[in-house]
Amino acid sequence: MLIDLHTHTTVSSGCSIMSPEGLIEAARHREVDAVCVTDHFSIEGANVTQDLARKLDYPVFRAVEARTDWGDMLVFGYYQDIPEGISLRDLCWFVHEVGGLVFVAHPFHRGGGPSLTLSFEGRGLDLETDWDEVGVMKELDGVETLNGNVSDHDNARAVTLARRLGVPGIGGSDAHAVGMVGSAATRFSSPVGSDAELVTALRTGEYAPVRL
């Protein structure tokens, strides 16, 4: 099953120009089996899109892209708004308490907002050499190793980071407009039919990021 795990709508992401209807239509056109809405800070966009998708008979899953003191994170299984600037350690605690997962988004991205590498540099550190000196890195459940808005070089660096951390990698388009939907996604070995099943599937590691 092919799922685009990183998309944004106009409902809760001010940087997006893609409506929930546009997202669903684009995903169907690209023959993506499902999408996950990951609006910034807020679960509202995911809720609205999922409600619409039920009427249109298309699978939409919910998540949030959180902005932490260590950059942007994709949060699965925690269906609440997340305050901007939350500490990564607190975020991981809250999310793990309810059985959710935290994946670092576009770790080597240098445009469009905070990232893990910029957060390291802001502290006089280098993500590629100093990753094991920051204890909270061990709290991460995975890494977005294929982001549709990130260069091949920086996605390759994300693959290396995931390997060093010993966690799985996922793919998502990071679409803010219909033309980007499905440019990157994650292929799961088994069908996913609900938010809870998505979290379970992400926990298994039985999937692979793919470029479309």
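Above this text you will find the structure in question.
Residues numbered from 1 in each chain as written. Predicted model: local features only at pLDDT ≥ 70, side-chain atom pairs only at ≥ 80, totals over all residues. Heavy atoms only, no water.

Draft legend 1. Looking closely at the environment of threonine 129. Topologically, threonine 129 is positioned in helix H5 (residues 127-130). Through-space distance from the C-alpha of threonine 129 to that of leucine 161 is 10.0 Å; in sequence the pair is 32 residues apart. (Helix = DSSP H or I, 4+ residues; strand = E, 2+ residues; numbered from the N terminus.)

Draft legend 2. Just helix H7 (residues 195-204), in detail. Here H7 has its buried residues at Asp195, Leu198, Val199, Ala201 and Leu202. Down the axis of H7, the smallest arc covering the buried residues is 165 degrees, so these residues share one side. Exposed side chains of H7 directed beyond 90 degrees from the buried face belong to Ala196 and Arg203. Positive phi shows up at glycine 205, right after H7, with a value of about 80 degrees. (Buried < 20%, exposed > 50% of the residue type's maximum accessible area, 1.4 Å probe, protein only. Arc of directions from axis to C-beta.)

Draft legend 3. Region of the structure containing the pairing of strand S2 (residues 34-37). Both faces of S2 are covered, namely the face carrying Ala34 and Cys36 and the face carrying Val35 and Val37. In this view, the connection linking strand S1 (residues 2-7) to its parallel neighbour S2 by way of helix H1 (residues 20-29) has right-handed handedness. Across three bridges, the pairing between S2 and strand S3 (residues 60-68) is parallel. Within the sheet, the bridge partner assigned to valine 37 lies in S3 and is arginine 62. (Right-handed = clockwise from strand over helix to strand, strands pointing away. Pairing = 2+ DSSP bridges.)

Draft legend 4. Main features of the packing of aromatic side chains. In the structure shown here, the tally under the stated rule is four aromatic pairs. Taken together, a centroid distance of 5.4 Å and an interplanar angle of 80 degrees make the contact between tryptophan 93 and phenylalanine 94 edge-to-face. Owing to a relative accessible area of 51%, tryptophan 93 belongs among the exposed residues under this scheme. Ring geometry for phenylalanine 188 and tyrosine 207: centres 5.2 Å apart, planes at 45 degrees, overall tilted. (Phe/Tyr/Trp six-rings, centres within 6.5 Å; stacked < 30°, edge-to-face > 60°.)

Draft legend 5. Examining helix H2 (residues 44-56) more closely. In this model H2 runs 18 Å from its N-terminal to its C-terminal C-alpha over 13 residues, within 8% of the 18 Å that 1.5 Å per residue would give. Looking only at H2, the buried set comprises Gly45, Ala46, Thr49, Gln50, Leu52 and Ala53. In an axial view of H2, the angular spread of the buried residues amounts to 170 degrees, which keeps them on one side of the axis. Every exposed residue of H2 that faces more than 90 degrees away from the buried side is listed here: Arg54 and Lys55. Where H2 is buried, its residues contact H1, S2, S3 and H7. Among the residues trailing H2, aspartate 57 stands out with phi positive, at a value near 55 degrees. (Expected span 1.5 Å × (residues − 1). Contact = heavy atoms within 4.5 Å.)

Draft legend 6. Main features of the packing of H1 against H2. Two numbers describe how H1 lies on H2: the axes approach to 9 Å, and their chain directions differ by 55 degrees. On the basis of their axis angle, the class for H1 and H2 is oblique. Remark: the crossing between H1 and H2 carries right-handed chirality. Here H1 contributes Pro20, Glu21, Leu23, Ile24 and Arg28 to the contact with H2, which in turn contributes Val48, Thr49, Leu52, Ala53 and Leu56. The residue makeup of the contact of H1 with H2, split by class, is seven nonpolar, one polar and two charged. (Axes fitted to C-alpha atoms, helices over the stretch in contact; angles between N-to-C directions. Parallel < 35°, antiparallel > 145°, perpendicular 65-115°, else oblique. Left-handed = near helix turned anticlockwise from the far one by under 90°. Nonpolar A, V, L, I, M, F, W, Y, C, P; charged D, E, K, R; others polar.)

Draft legend 7. Highlighting the nonpolar core. Core analysis: the largest hydrophobic core is formed by 45 residues, its most contacted members being Met73, Leu88, Leu91, Leu116 and Met137. Those residues in contact with leucine 88 that sit more than four places away from it in its chain are Thr68, Asp69, Trp70, Met73, Val102, Val136, Met137 and Leu140. Counting 19 residues, the second-largest nonpolar core is a separate cluster that includes Phe76, Phe103, Ala105 and Ala201. (Core = buried A, V, L, I, M, F, W, Y, C linked by side-chain atoms within 4.5 Å.)

Draft legend 8. A look at unusual backbone geometry. The phi torsion at phenylalanine 41 lies on the positive side, around 70 degrees, for a residue other than glycine. With respect to the helices, strands and loops of the structure, phenylalanine 41 is situated in the loop between S2 and H2. Phenylalanine 41 sits in the partly exposed class, given a relative accessible area of 23%.

Draft legend 9. Spatial organisation of the side chain of histidine 106. Counting through the fold element by element, histidine 106 comes out in the loop between strand S5 (101-104) and helix H4 (116-122). For histidine 106, a relative accessible area of 6% gives the class buried.

Distances and angles like these do not, on their own, reveal function.
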